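Residues per chain are reported as follows:
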Amino acid sequence: MSTRIHHPGLRAKVMSAEQAAAFIQPGTTVGMSGFTGSGYPKAVPAALAERITAAHARGEQFQINLHTGASTSTEMDGALAEAGGIALRTPFQSDPTMRKKINAGEIEYIDTHLSHLAQTVWNGFYGPMRTAVIEVSAIREDGTLVPSSSVGNNKSWLDLADQVILEVNSWQSEDLEGMHDVYYGTALPPHRKPVLVNSPSDRIGQPYFECDPEKVVAVVETHGPDRNSPFKPADDASIAIAQHLVEFFEHEVAQGRYDERLLPLQSGVGNIANAVMAELVKSRFTGLTAFTEVVQDGMLDALDSGTLAMASATAFSLSTESAERFNANAAKYRDKLILRTQEISNHPELVRRLGILAMNGMIEADLYGNVNSTHLMGTKMMNGLGGSGDFARNAFTSFFLTPSIAKGGDISCIVPMVSHVDHTEHDVHVVVTEQGLADLRGLSPKQRARKIIDTCAHPDYRDQLEDYYQRALAGSGGLHTPHLIGEALSWHQRFLDTGTMKQG
Ligand code: 0RQ
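For clarity, every value in this text was computed on a predicted model and none was experimentally measured. Residues take numbers from 1 onward in each chain, read along the sequence in its written order. Per-residue local features are limited, in this predicted model, to residues with pLDDT of at least 70; the limit for side-chain atom pairs, both in listing and counting, is 80 or more; totals at the level of whole chains, interfaces and linings are taken over all residues. Working from all heavy atoms in the structure, the side-chain values ignore hydrogens and water.

1. A few points about the overall build of the protein chain
Note the threshold: Every helix listed is a DSSP run of H or I at least four residues long, and every strand listed is a run of E at least two residues long, numbered separately from the N terminus. C-alpha atoms define the radius of gyration in this analysis, and the globule rule sets the expected value at 2.2 Å times the number of residues to the power 0.38. Each residue is assigned to one of three classes by its accessible area relative to the maximum for its type, calculated with a 1.4 Å probe on protein chains only: buried under 20%, partly exposed between the two thresholds, exposed over 50%. Every residue pair with non-hydrogen atoms within 4.5 Å of one another is taken to be in contact.
Within the protein chain, the secondary structure is distributed over 17 helices and 26 strands. In summary, the protein chain has a C-alpha radius of gyration of 23 Å against a globular reference of 23 Å for 504 residues, a match within 12%. Along the first, second and third principal axes, the C-alpha atoms of the protein chain reach 75 × 55 × 45 Å. With 504 residues in all, the protein chain has 59% of them scored as buried. By sequence separation, contacts in the protein chain at least 24 residues apart represent 73% of the contacts at least 6 residues apart.

2. Description of the UniProt feature "binding site: CoA" (unreviewed entry) in the protein chain
So the rule is basically this: UniProt positions are given in the numbering used here, feature names are shortened, and annotations may be inferred rather than shown by experiment. Under this definition, polar contacts are N or O atom pairs within 3.5 Å; protein pairs additionally need one hydrogen-donor-capable and one acceptor-capable atom, and for neighbouring residues in sequence, both atoms have to be side-chain atoms.
Following the UniProt record, the feature "binding site: CoA" (unreviewed entry) maps to Ile363, Asn383, Gly387 and Lys407 here. The largest pairwise C-alpha distance within this set of annotated residues, which runs over 45 residues, is 25.6 Å, so the set is dispersed in three dimensions. Considering the arrangement of structural elements, one finds Ile363 in the loop between strand S16 (357-361) and strand S17 (364-366). Residues in contact with Ile363, not counting those within four places in the same chain, are Asn372, Ser373, Thr374, His375, Leu376, Met382, Thr402 and Cys413. Counting through the fold element by element, Asn383 comes out in the loop between strand S20 (380-381) and helix H14 (388-394). Overall, the relative accessible area of 21% leaves Asn383 in the partly exposed class. Not counting residues within four places of it along the chain, the set of residues in contact with Asn383 comprises Phe92, Gln93, Ser94, Arg99, Tyr109 and Thr374. Only 2.8 Å separates the side chain of Asn383 from the side chain of Arg99, close enough to count as a polar contact.

3. Re the packing of aromatic side chains
Under the convention used in this document: Any pair of Phe, Tyr and Trp rings, taking the six-membered ring for Trp, is counted once the centres come within 6.5 Å. Such a pair is stacked with planes under 30 degrees apart, edge-to-face with planes over 60 apart, and tilted for the rest. Only when the NZ of Lys or the CZ of Arg is both within 6 Å of the ring centre and within 35 degrees of the ring normal is a charge said to sit over the ring.
Tallied over the full model, the rule gives 7 aromatic pairs. Aromatic side chains Phe249 and Phe399 sit 5.9 Å apart centroid to centroid with 85° between the ring planes, which places their arrangement in the edge-to-face category. Linking Phe249 in helix H8 (residues 236-254) with Phe399 in strand S21 (residues 397-401), this pair joins segments that are 150 residues apart in sequence. The residues Phe249 and Phe399 share a single accessibility class, namely buried. The interplanar angle of 45° and the centroid separation of 4.5 Å between the aromatic rings of Phe316 and Phe326 together place this pair among those described as tilted. With Phe316 in strand S14 (residues 315-317) and Phe326 in helix H11 (residues 320-333), this residue pair connects regions lying 10 residues apart in the sequence. Assessed through its relative accessible area of 3%, Phe316 is described here as buried. One cation-aromatic arrangement involves Lys42 over Tyr40; the distance from NZ or CZ to the ring centre is 4.0 Å. We note Arg140 situated over the ring of Tyr208; from NZ or CZ to the ring centre the distance is 3.6 Å.

4. Some details on the sheet that holds strand S24 (residues 414-415)
Inclusion rule: What makes two strands pair is DSSP finding at least two bridges between them.
One open sheet accounts for 3 strands, arranged S18-S17-S24; its pairing is mixed. Only two strands of the sheet have a single neighbouring strand rather than two, namely strand S18 (371-372) and S24. Strand direction decides the pairing type here: S17 and S18, joined by 2 bridges, are antiparallel. Within S18, the position partnered with Ala365 by the bridge is Val371.

5. Here's the deal with the site of the ligand
To keep it simple, the criterion reads: The rule for a residue being near a molecule or strand is that one of its heavy atoms must lie within 4 Å of it. In this description, accessible areas are obtained by the Shrake-Rupley approach with a 1.4 Å probe, and a residue is regarded as covered only by the protein chains that are shown. In this classification, Asp, Glu, Lys and Arg are treated as charged, Ala, Val, Leu, Ile, Met, Phe, Trp, Tyr, Cys and Pro as nonpolar, and every other residue, Gly included, as polar. A domain assignment, automatic or from a database, supplies the domain bounds used here.
Around the ligand sit 25 residues in total, of which Glu293, Ile363, Asn383, Gly387 and Lys407 are the nearest. Here an oxygen atom of the ligand sits 2.9 Å away from a polar atom, N or O, in the main chain of Gly387. A distance of 2.8 Å separates an oxygen atom of the ligand from a polar atom in the side chain of Lys407. Summarising the interface, the protein chains cover 76% of the accessible area of the ligand, which totals 1000 Å² for the free molecule. Per-class residue counts for the shell around the ligand are 12 nonpolar, 10 polar and 3 charged. If you count residues domain by domain, the shell around the ligand takes at least three from each of domain 1 (8-222) and domain 2 (236-460).

6. With respect to the UniProt feature "active site" (unreviewed entry) in the protein chain
Under the local residue numbering, the UniProt record ascribes the feature "active site" (unreviewed entry) to Glu293. The topology assignment puts Glu293 in the loop between strand S11 (288-291) and strand S12 (294-296). We classify Glu293 as buried; its relative accessible area is 9%. Setting aside chain neighbours within four positions, we find Glu293 in contact with Phe35, Leu114, Ala313, Thr314, Ala315, Asn346, Gly386, Gly387, Ser388 and Phe391. At 2.8 Å, the side chain of Glu293 and the side chain of Asn346 are in polar contact.

7. A look at the nonpolar core
Worth spelling out the cut-off: Within this scheme, the nonpolar core is defined by two criteria: the residues are buried Ala, Val, Leu, Ile, Met, Phe, Trp, Tyr or Cys, and they are joined through side-chain atoms within 4.5 Å.
One finds Leu245, Phe249, Leu280, Phe326 and Phe399 to be the most contacted residues of the largest nonpolar core, which totals 68 residues. Sort the elements by how many residues they give to this core and H8 lands first, with 7 residues. Counting only domains with at least three residues in this core, you end up with domain 1 (8-222) and domain 2 (236-460). When near neighbours in sequence (up to four residues on either side) are disregarded, Leu245 contacts Val276, Met359, Phe399, Leu401, Val432 and Leu437. If you look at the next biggest cluster of nonpolar residues, it comprises 36 residues, including Ala17, Ala20, Phe35 and Leu48.

So, in structure tokens, the structure goes:
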């Protein structure tokens, strides 16, 4: 038995994943750990998926509603979706099987701001939470829990659930202990108090989760890695986008709007986010901070080089190589990393106070700067908006980043009208593609359109956009935000009909 379970009463509850999964009942709501592929339970979801499959084979109904922090992995979201075990999923996923089932109408999916989910569950909108299944890296003698590689919504799920299943994962570094900051000061209105984080490095909570040992029905020992997506070298478009950003940072420093250490950075997940950190490492900037959701490979590199002095987040999302590097050196990062609950890592009050530079990926933007982060051709869910909205609305500067084209050039990521809106023009300050950076601050809608066409659109689509815009100026009902309403979504329809947005 693992030496990581120090509480005798909880040690007595160690059992197999199959035995633990038997506590989960059909039709109930389960809160599991997991955020961008880290800190999700490694064994119980698979055992539950098997149990569900067996129940379905006997002709019995068995589905659960599943809440997490954010995305998990094939072993969890993938296995449960494959088994047909999910009725409702929230707040974020990025699993191919689950995505397929959501888009086939088989799973109800509620795409919600990541900082909002805990309070909506506390408020009862999702009904009672029967079970929490939470990965931790150790159980202390007094029954408090050392979180693992993500904190996410675990504090709320542990508090809210009637019964708790713990997975103790010995793959997670023991040196994670001390890195977390679990805040117990959140309350519902009218009892809310200011959240007193005045700098990304401020600690306001405690390093452990509280959990009544009486509520724990099972403890499962595991030794399994996080999702650890393979490292992809940055492509040319990502590098160009990152270079535009670093140039812009220099410009803002020269204007006196950012100081030499810029402002705390938030950066989304993926290739572009890694490329931005890589360009910053090459730049003259040093001693920066991050107040973000996720620590990716690029941030770890930036911490190593001194480009970043510290980072506050709620989770890791590392490649296999970087996860190994982190696990071998975790103690070294303890005073440079803080992992908080996602209510706090993404807190609008803190994003506004700290003056965050928020950089997020997108699917498409339109002429006026409205942004679609989630829906392909307006109807197919990709992942979810995740934390992008938590940050964009309150950021000091809100950047949205994308290559100017997708699918080998058959899709323009700059379109007349976005086919779904996640971030309105009011929350989008700067749009960046590999073609250039459009600073939209202080511009009217028509000035924004001019800037976006000239700066961000791919040359293959620039004339087509210009043609639409000129005809909208001539034929629009109103000239505040000119549009040809019957034609505004025709680019998407053309792609669906012919496989390309290009006019014949
Ligand atoms: O599909 O792989 O089938 O070709 O969309 O596109 O270029 O690989 O982009 O991995 O950077 O993801 C917005 C999805 C971008 C991501 C999004 C197709 C394209 C490809 C992916 P294929 P790329 P990325 C912090 C903040 C929301 C959550 C967020 C995201 C696939 O950034 O999920 O910001 N953001 N969280 O071909 C149709 C277009 C398209 C398109 C690209 N215009 N139309 N398809 N694609 N543009 C993290 C968290 O909150 C957890």
